[in-house]
Amino acid sequence: MAQRITGHTEMIGLIATPIRHSKSPMMHNTAFEALGLDYVYLAFDVAQEQLDAVVKGLRAMEVRGFNVSMPYKTEILNYLDEIDSSVKLIGSCNTVVNESGKFYGYNTDGMGYMAGLKDNGFDPVGKKLTVLGSGGAATAIVMQAALDGVAEISIFNGNDPFFARAEHNAQVINENTGCKAVVYRLEDTQRLKQEISESYILANATNVGMGALEGQKLIPDTSYLYPELIVTDVVYSPAETALLKMTKEYGCRTMNGLPMMLYQGAAAFKLWTGKDMPIDAVKAVI
Ligand code: NAD
């Protein structure tokens, strides 16, 4: 590393808080090294009151770009000069590219989820998805899925402030894409069973299964499943949530949140460098 960094090395950053757990620096620096690209990727734990100064600083330093994570994915929109259709539909941004002083915003989270499905041999185009949740991750997934040709999305959210966002997301999808989205209450278990039985994929896009909610799941038992169903989770720590454990044991094919994380990074990498991320080299370190 000491010999790799020179006076020409360009910086790409990550701003968020908290951030020290992030796998992104490891992913991107491994990829830069594998391809011999003269960039370095650094994570910055940015306090709310410093966001403005940090973003202006990144612009002044002419960095190639940066990732944005929680809690700044929406606030960063105030600093962008141009936004991609992904940001327009999702309403938040996780990747900024600096083109000659202009900040272009993208959201690669949904692209990451869809690429992760493809990598696992799953193809939801023309099919139906049931998605649990309507926060940041869920919104990215449903918007990209709709843009990419998923035929129908049934969105379930509990009785909390995110329910209104679910309704908004469905409206945006129905007005802007060829996909048909419908919103239901998570408490409507009969409807949940029905929608899952018609779906190619059941996607948990809530934080149920991690942190304080580790060990919990939104699908109570296997009577909600059928063997050909694919079940995905946005959570990757733990690698196997209670939902994935139950559904895998029942016989469903499953995917955790790691491919989404990997491929959102690969999409950002491509935007900054124009190169494909060396996926196998990166998979080996995450
Ligand atoms: P968020 O706060 O924006 O949304 C949270 C969602 O979870 C909401 O829909 C909320 O209704 C639901 N929820 C929370 N607690 C619940 C409960 N007890 N019962 C039912 N529903 C509940 O969060 P987010 O940014 O969307 O993140 C959600 C999860 O996705 C987190 O675990 C995060 O780590 C993960 N994530 C993963 C990736 C990836 O690349 N794999 C990317 C982004 C987020």
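Residues numbered from 1 in each chain as written. Predicted model: local features only at pLDDT ≥ 70, side-chain atom pairs only at ≥ 80, totals over all residues. Heavy atoms only, no water.

**Details of the overall build of the chain**
Inference 1: When you go through the chain residue by residue, the secondary structure sums to 10 helices and 12 strands.
Inference 2: In summary, the chain has a C-alpha radius of gyration of 19 Å against a globular reference of 19 Å for 286 residues, a match within 12%.
Inference 3: Each principal axis of the C-alpha distribution contributes one length, and for the chain these read about 60 × 35 × 35 Å.
Inference 4: By sequence separation, contacts in the chain at least 24 residues apart represent 70% of the contacts at least 6 residues apart.
Inference 5: Per element, the accessible surface of the chain, about 12800 Å² overall, is 51% carbon and sulfur. (Helix = DSSP H or I, 4+ residues; strand = E, 2+ residues; numbered from the N terminus. Rg over C-alpha atoms; globule rule 2.2 N^0.38 Å. Contact = heavy atoms within 4.5 Å. Areas by Shrake-Rupley, 256 points an atom, 1.4 Å probe, with all protein chains shown as cover.)

**Some details on the packing of aromatic side chains**
Inference 1: Taken as a whole, this structure holds 5 aromatic pairs when the rule is applied.
Inference 2: Taken together, a centroid distance of 5.4 Å and an interplanar angle of 25° make the contact between Phe-32 and Phe-269 stacked. Linking Phe-32 in helix α1 (residues 24–35) with Phe-269 in helix α9 (residues 258–273), this pair joins segments that are 237 residues apart in sequence.
Inference 3: For Phe-269, a relative accessible area of 0% corresponds to the buried category. (Phe/Tyr/Trp six-rings, centres within 6.5 Å; stacked < 30°, edge-to-face > 60°. Buried < 20%, exposed > 50% of the residue type's maximum accessible area, 1.4 Å probe, protein only.)

**Quick notes on the sheet that holds strand β3 (residues 65–68)**
Inference 1: Here 6 strands make up an open sheet; going across it, the order is β2-β1-β3-β5-β6-β4 and the pairing mixed. A strand with exactly one partner marks an edge of an open sheet, and here the two such strands are β2 (39–45) and β4 (82–83).
Inference 2: Strand direction decides the pairing type here: strand β5 (residues 95–99) and strand β6 (residues 102–106), joined by 5 bridges, are antiparallel. By the bridge assignment for β6, Glu-99 is matched with Lys-102.
Inference 3: Lying over the sheet, helix α2 (residues 51–60) contacts β1 (10–16), β3 and β6, oriented at roughly 165° with respect to β1. (Pairing = 2+ DSSP bridges. Axes fitted to C-alpha atoms, helices over the stretch in contact; angles between N-to-C directions.)

**As for the nonpolar core**
Inference 1: Counting 33 residues, the largest nonpolar core has Tyr-113, Val-131, Ile-153, Ile-173 and Ile-201 as the members making the most contacts within it.
Inference 2: Mapped by element, the contributors of at least two residues to this core are α3 (85–90), α4 (109–119), β7 (128–132), α5 (136–147), β8 (152–157), α6 (162–176) and β10 (201–204).
Inference 3: Excluding anything up to four places from it in sequence, Ile-201 contacts Tyr-113, Leu-117, Pro-124, Lys-128, Leu-129, Thr-130, Leu-229, Ile-230 and Thr-232.
Inference 4: Judged by nonpolar contacts, the second largest core, of 23 residues, contains Val-97, Ala-266, Ala-268 and Met-277. (Core = buried A, V, L, I, M, F, W, Y, C linked by side-chain atoms within 4.5 Å.)

**Comments concerning empty space enclosed by the protein**
Inference 1: The tally for this structure, following the rule as stated, stands at 1 cavity of 30 Å³ or more.
Inference 2: Its volume calculated, the largest cavity comes out at about 30 Å³.
Inference 3: Lining the largest cavity are Asn-204, Val-208, Gly-209, Gln-216, Lys-217, Leu-218, Asp-233, Thr-241 and Leu-243.
Inference 4: In terms of residue class, the lining of the largest cavity is built from 3 nonpolar, 4 polar and 2 charged. (1 Å grid on protein atoms, 1.4 Å probe; cavity = no way out; pocket = protein on both sides within 12 Å on 5 of 7 lines; lining within 4 Å. Points joined across faces, edges and corners; volume = space filled by probe spheres on them. Nonpolar A, V, L, I, M, F, W, Y, C, P; charged D, E, K, R; others polar.)

**Thoughts on the pattern of salt bridges**
Inference 1: For the structure shown, the criterion picks out 14 salt bridges.
Inference 2: With a closest N to O distance of 3.6 Å, Glu-240 and Lys-248 form a salt bridge.
Inference 3: The partner of Glu-249 in a salt bridge is Lys-245, with the nearest N and O atoms 2.9 Å apart. With Glu-249 and Lys-245 both in helix α8 (residues 242–250) and 4 residues apart, the pair spans about one turn of that helix.
Inference 4: You can call Lys-245 partly exposed: its relative accessible area is 41%. (Salt bridge = Lys/Arg side-chain N within 4 Å of Asp/Glu carboxyl O.)

**Focus: the packing of α4 against α5**
Inference 1: Where α4 contacts α5, the two axes come as close as 7 Å, and the packing angle between them is 65°. Put simply, α4 runs roughly perpendicular to α5. In this structure, α4 meets α5 at a crossing whose hand is right-handed. Taking contact as the criterion, the partners of Asp-109, Gly-110, Met-111, Tyr-113 and Met-114 in α4 are, on α5, Ala-140, Ile-141, Gln-144 and Ala-145.
Inference 2: Its residues assigned to classes, the contact of α4 with α5 shows 6 nonpolar, 2 polar and 1 charged. (Parallel < 35°, antiparallel > 145°, perpendicular 65-115°, else oblique. Left-handed = near helix turned anticlockwise from the far one by under 90°.)

**Quick notes on the site of the ligand**
Inference 1: Ser-134, Ala-137, Asn-157, Asp-160 and Met-210 are the nearest of the 21 residues found near the ligand.
Inference 2: Between the ligand and Ala-137 there is a distance of 2.8 Å, counted from an oxygen atom to a backbone nitrogen or oxygen.
Inference 3: One of the backbone nitrogen or oxygen atoms of Met-261 is found 3.3 Å away from an oxygen atom of the ligand.
Inference 4: Compared with its free state, where it exposes 850 Å², the ligand has 77% of that area covered by protein.
Inference 5: Most atoms of the ligand, that is more than half of them, are within 2 Å of grid points of the largest pocket.
Inference 6: Looking at the shell around the ligand, the elements with two or more residues in it are α5 and α9. (Near = heavy atom within 4 Å. Polar contact = N/O pair within 3.5 Å; in protein donor to acceptor, adjacent residues only side chain to side chain. Sits in = over half its atoms within 2 Å of the grid points.)

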